[in-house]
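So you can see what is in the structure, the chains are spelled out below.
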Amino acid sequence: MGNAIFEQYGYKSAYDLMTDLSRDITDGGDLLAVRTPKGSTLKQVGYAFDGGYWLVTYRRGRVTSIGCFKNDWEMLFVMGV
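Below you will find a few notes about this structure. (Residues numbered from 1 in each chain as written. Predicted model: local features only at pLDDT ≥ 70, side-chain atom pairs only at ≥ 80, totals over all residues. Heavy atoms only, no water.)

1. Let's talk about the pairing of strand β3 (residues 52–59)
Here is step 1 of the chain: The element β3 is extensively covered by neighbouring structure, given that six of its eight residues are classed as buried.
Here is step 2 of the chain: Where strand β2 (residues 42–49) folds back on β3, the antiparallel hairpin that results is connected by two residues, among which D50 adopts a positive phi of roughly 55°.
Here is step 3 of the chain: The sheet contact formed by β3 and strand β4 (residues 62–69) spans seven bridges and is antiparallel. Across the sheet, the residue bridging to Y58 is V63, located in β4.
Here is step 4 of the chain: Where β3 hands over to β4, the hairpin turn is made up of two residues, of which R60 adopts a positive phi near 55°. (Buried < 20%, exposed > 50% of the residue type's maximum accessible area, 1.4 Å probe, protein only. Helix = DSSP H or I, 4+ residues; strand = E, 2+ residues; numbered from the N terminus. Pairing = 2+ DSSP bridges.)

2. Considerations on the sheet that holds β3
Here is step 1 of the chain: The strand order β1-β2-β3-β4 describes an open sheet built from four strands, whose pairing is antiparallel. Each end of this open sheet is capped by a strand with a single partner; those strands are β1 (30–35) and β4. Between one strand and the next, the sheet's axes are offset by a mean angle of 20°, whatever the strand orientation.
Here is step 2 of the chain: Contacting β1, β2, β3 and β4, helix α2 (residues 14–28) crosses the sheet at an angle of about 65° to β4. (Axes fitted to C-alpha atoms, helices over the stretch in contact; angles between N-to-C directions. Contact = heavy atoms within 4.5 Å.)

3. Looking at the packing of aromatic side chains
Here a ring pair, both rings aromatic, is described through the centre-centre distance and the interplanar angle of the planes.
Here is step 1 of the chain: Taken as a whole and assessed by the stated rule, the structure comprises one aromatic pair.
Here is step 2 of the chain: On the basis of an interplanar angle of 70° and a centroid distance of 6.5 Å, the ring pair of F49 and W54 is categorised as edge-to-face. Across the pair, W54 and F49 agree in class, each one buried.
Here is step 3 of the chain: Positioned above the aromatic ring of Y15 is the side chain of R62, whose terminal nitrogen or guanidinium carbon lies 4.5 Å from the ring centre. (Phe/Tyr/Trp six-rings, centres within 6.5 Å; stacked < 30°, edge-to-face > 60°. Lys NZ or Arg CZ within 6 Å of the ring centre and 35° of its normal.)

As structure tokens, then:
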């Protein structure tokens, strides 16, 4: 998917959109779980936000993915907690 799709909504790229969304989730959500595997630069953080359960994954301090789940146990299962 090209960046032109995201530019029509005021973002320079998909990464800028993900960064903005993750900031909203972390600022307004309730922290549920954090997972940082040993020997890895990966960090997974689970939040309850806006009626859903959100999993934000960071690698080397940058957002790499965002997932939304219907309930907390699905999110925790994906996290491996």
